[in-house]
Amino acid sequence: MKKTLLISGLAVALFLGCSSKQVDLENAQNKNQTEQTQASNTNQNTQNESVNTENANVEEQNLQGMNVTVTDKELAKKLASIVVYFDFDKYNIRQDQWPKVEKLAKLIKENPGNYTVRIEGNCDEWGTEEYNYALGLKRANSVKNALIKLGVDPKKLTVISYGELNPVCTAHAKWCWRLNRRDNFTYLP
């Protein structure tokens, strides 16, 4: 009986040892295939990068002499990413917001073309609808005048006021109202 148990135990141990070796062998093969796939992908990416670099160089050579720096979509994204904020019940540009206005002026001047930038004045929910509409218009005109002083062609600028009708935040709290006192910029082809 002891011999049978001993032989059975050895058979199980031998079987488990062989299956773990087979699993190790399969893992090694999978690892090798994965490494080969990654190496192949790296080679393809390297080849693609060189092709993309060559295409970029050709495009750069074609654009030399032209004042084109970004595409219309890129310009629209960059304009939309700039937001100028205002203090409560104010339309003068805050000192900490001037770098944004200067960046906006530079962006518009560096990208000539037949487009317009819409300056959108917005307000928080405080005040009447008429008052907020007028304040939003003053905010938009304030930035427009600053851009003109920085050398932007006035024909490229248009203003609109949404008053309190276009909030980015609707919570009834100071931190939220602060986000709604702003000018946004939209690319118009």
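As a reminder, the structure under discussion sits directly above these lines.
Colleague: Outline the packing of helix 2 (residues 72-81) against helix 3 (residues 98-110), supporting the account with residue identities and numerical values.
Modeller: Closest axis-to-axis distance for the helix 2/helix 3 pair is 10 Å, and the angle between their directions is 165°. Here helix 2 lies roughly antiparallel to helix 3, going by the angle between them. Remark: the crossing between helix 2 and helix 3 carries left-handed chirality. Across the interface between the two elements, Leu 75, Lys 78 and Leu 79 of helix 2 pack against Leu 104, Leu 107 and Ile 108 of helix 3. Its residues placed into classes, the contact of helix 2 with helix 3 shows 5 nonpolar, no polar and 1 charged.

Colleague: Just give me the short version of the environment of Glu 110, but keep the residues and values in it.
Modeller: With respect to the helices and strands, Glu 110 occurs in helix 3. Measuring from C-alpha to C-alpha, the distance between Glu 110 and Val 152 comes to 9.9 Å, with 42 residues separating the pair along the chain.

Colleague: Pulling in residues and values, what's your account of the pattern of salt bridges?
Modeller: This model, assessed by the stated rule, comprises 5 salt bridges. The salt bridge partner of Lys 106 is Glu 110, with a shortest N-O separation of 4.0 Å. You can see Lys 106 and its partner Glu 110 sitting in helix 3, 4 residues apart, about one turn around the helix. The partner of Glu 120 in a salt bridge is Arg 118, with the nearest N and O atoms 2.8 Å apart. Overall, the relative accessible area of 7% leaves Glu 120 in the buried class. What emerges from the salt-bridge pattern is a single network uniting Asp 87, Arg 94 and Asp 96.

Colleague: So what's going on with the packing of aromatic side chains? Which residues, and what values?
Modeller: Under the counting rule described, the total for this entry stands at 2 aromatic pairs. Here the aromatic rings of Tyr 115 and Tyr 187 are separated by 5.3 Å at their centres, their planes lie at 25°, and the arrangement is stacked. Separated by 72 residues along the polypeptide, Tyr 115 in the loop between helix 3 and strand 2 (116-122) and Tyr 187 in strand 4 (residues 182-188) bring together distant segments of the chain. On the numbers, 5.2 Å between centres and 80° between planes, the contact of Trp 126 with Trp 177 is edge-to-face. Of this pair, Trp 126 sits in the loop between strand 2 and helix 4 (129-149) while Trp 177 sits in helix 5 (residues 174-180); the two residues are 51 residues apart in sequence, bridging distant segments of the chain. Given the relative accessible area of 13%, Trp 177 is considered buried. The ring of Tyr 115 carries the charged tip of Lys 156 above its face, separated from the ring centre by 3.9 Å.

Colleague: I'd like to hear about the environment of Asp 72, residue by residue, with values.
Modeller: The topology assignment puts Asp 72 in helix 2. Judged by relative accessible area, Asp 72 falls into the partly exposed class, the value being 49%. Along the primary structure Asp 72 and Asn 111 are separated by 39 residues, whereas in three dimensions their C-alpha atoms are 9.1 Å apart.

What counts and how
Residues numbered from 1 in each chain as written. Predicted model: local features only at pLDDT ≥ 70, side-chain atom pairs only at ≥ 80, totals over all residues. Heavy atoms only, no water. Axes fitted to C-alpha atoms, helices over the stretch in contact; angles between N-to-C directions. Helix = DSSP H or I, 4+ residues; strand = E, 2+ residues; numbered from the N terminus. Parallel < 35°, antiparallel > 145°, perpendicular 65-115°, else oblique. Left-handed = near helix turned anticlockwise from the far one by under 90°. Contact = heavy atoms within 4.5 Å. Nonpolar A, V, L, I, M, F, W, Y, C, P; charged D, E, K, R; others polar. Salt bridge = Lys/Arg side-chain N within 4 Å of Asp/Glu carboxyl O. Buried < 20%, exposed > 50% of the residue type's maximum accessible area, 1.4 Å probe, protein only. Phe/Tyr/Trp six-rings, centres within 6.5 Å; stacked < 30°, edge-to-face > 60°. Lys NZ or Arg CZ within 6 Å of the ring centre and 35° of its normal.

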